[in-house]
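Topology and contacts: notes
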Amino acid sequence: MIFGLLNIHKPTGRSSRWVVNAVSRITGVDKIGHAGTLDPLATGVLLMALGPATRLIAYLQAGTKVYQAAIHLGVSTSTYDAEGEVLATAPVPDLAPGDLQHALARFVGDIEQHPPAYSALKVAGVAAYRKARRGQTVELPSRRVQIEQIELLSWHSPVLTISVTCAPGTYIRSLAFDLGQALGCGAHISGLVRTASGHFRLEDSVDLETLAAAAGAGDWQRFLLPPDQAVLDLTPVYLDEGRTQVLRHGNPVTAPTPPPLSSGRAYDPDGRLIALVTYDAKLQVWQPDRVFDAVG
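These remarks concern the structure in this document. Within each chain, residue numbers correspond to sequence positions counted from 1 in written order. At least 70 in pLDDT is required for a residue's local features to be given in this predicted model, at least 80 for side-chain atom pairs to be given and counted, and no such filter applies to totals for whole chains, interfaces and linings, which use all residues. To obtain the side-chain values, all non-hydrogen atoms of the structure were included, while hydrogens and water were left out.

1. Here we look at the overall build of the chain
Elements are defined by DSSP. Helices are runs of H or I of four residues or more, strands are runs of E of two residues or more, and each kind is numbered from the N terminus. Within the chain, the secondary structure is distributed over 7 helices and 18 strands. In terms of overall dimensions, the chain has C-alpha extents of about 70 × 50 × 40 Å along its principal axes. Whether two residues are in contact is decided by their heavy atoms: any pair within 4.5 Å suffices. The contacts of the chain with a sequence gap of at least 6 include a subset with a gap of at least 24, amounting to 68%. Summed over its atoms, the accessible surface of the chain is roughly 14,200 Å², and 50% of this surface lies on carbon and sulfur atoms. Across the chain, the centroid of the 25 positively charged side chains sits 7 Å from that of the 27 negatively charged ones. Residue-level accessible areas treat just the shown protein chains as cover; the underlying method is Shrake-Rupley with a 1.4 Å probe. Under the convention used here, Asp and Glu are negative, Lys and Arg are positive, and both His and the chain ends fall outside the count. Charge placement uses NZ in Lys and CZ in Arg. For Asp and Glu, CG and CD serve respectively.

Structural data, given as structure tokens:
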């Protein structure tokens, strides 16, 4: 059974769902999910969970994201990126790097952000972008997001390039729009690359062409990452054969020594991830949370 993760280098011009379908065709695996949608314009790290690992997607999505974004000042678009209709243009002010750094600093920390109308967020059960494409008015409520760091990488008017480290749920397109409003000239994203998601890095990703070539040679699984890479922050719990079978059947296993963290990842004697567990301090046991009992 295929049970693992892939760090895919998403190409530009394709939706995240299209990439999932492509990976399914290449690998022959039907059950695949992705963690963290990338817009068609964007490229970079797109994490995929295969087989039972789809139950770990929430953990993959929770990782800190790093993006490199090119922001074009002076042009506002309907989608906040280069694929949208141009709504307005304005002269770009004479800005020094220090001016841009000062403006960007306003967006570091816990901030309020309005998601773009052209987004996958659901409105009454329908993706917002579908309503927007039909010409319907879409009003998405603002929400709190966390941006840890913004670094100005280059400035060649009218385009600045930045690196953004942020929590999940942050829209870089909205950041570009808000920066344009703050500078009084408008702006949109002209290029976007996700360079990291959690501890998964772009330099370690595989593109579809390389994956397909490996599949043709019967060797694509060399790019498959162990499923526990999604949950390395959890306490490791190593079991003998007897306790493995107890846990596989959905029953708790004893743990008299309190762990450093109450959430754990349990392994069988062969080092295979078999379950996610939660520590019950009162009973001094690991309670099964998600059991991958069919694995292996």
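2. Digging into the sheet that holds strand β14 (residues 235-238)
Strand order in the open sheet formed by 5 strands is β14-β16-β17-β18-β15, with mixed pairing between adjacent strands. The open sheet has two edge strands with one neighbour each: β14 and β15 (253-254). A pair of strands is treated as paired once DSSP finds two or more bridges between them. Pairing of β14 with strand β16 (residues 263-267), which is carried by 4 bridges, proceeds in the parallel orientation. Among the inter-strand pairings, Y238 is bridged to a residue of β16, identified as Y267. Of the strands in this sheet, β14, β15, β16, β17 (273-280) and β18 (285-291) are in contact with helix α7 (residues 241-248), which crosses β17 at around 80 degrees. For helices, the fitted line uses only the C-alpha atoms of the stretch in contact; every axis is such a line through C-alpha atoms, and the angle between N-to-C directions lies from 0 to 180 degrees.

3. Regarding the nonpolar core
In this text, buried Ala, Val, Leu, Ile, Met, Phe, Trp, Tyr and Cys residues form a nonpolar core when linked through side-chain atoms within 4.5 Å. Exposure is judged per residue with a 1.4 Å probe applied to protein chains only, and the accessible area is read against the type maximum: over 50% gives exposed, under 20% gives buried, and values in between give partly exposed. Ranked by size, the top nonpolar core spans 49 residues in total, and within it M48, L73, L160 and I162 carry the most contacts. Counting residues in hydrophobic clusters, the runner-up holds 18 residues, among them L5, L47, L273 and L276.

4. Regarding the pattern of salt bridges
For this document, the term salt bridge refers to a Lys or Arg side-chain nitrogen within 4 Å of an Asp or Glu carboxyl oxygen. Within this structure, the stated rule accounts for 6 salt bridges. In this structure, R173 engages D39 in a salt bridge whose closest nitrogen and oxygen atoms are separated by 2.8 Å. Residue R173 is located in helix α5 (residues 172-183), and its partner D39 is located in the loop between β2 (32-35) and β3 (43-50); the two are separated by 134 residues in the primary sequence. The exposure class of R173 is buried, given its relative accessible area of 4%. On the basis of relative accessibility, which here comes to 23%, the residue D39 falls in the partly exposed class. Of the charged contacts in the structure, one is a salt bridge between D219 and R222, with a shortest N-O distance of 2.8 Å. Given a relative accessible area of 37%, D219 falls into the partly exposed group.

From the geometry alone we can't say anything about function, so treat these as descriptive.
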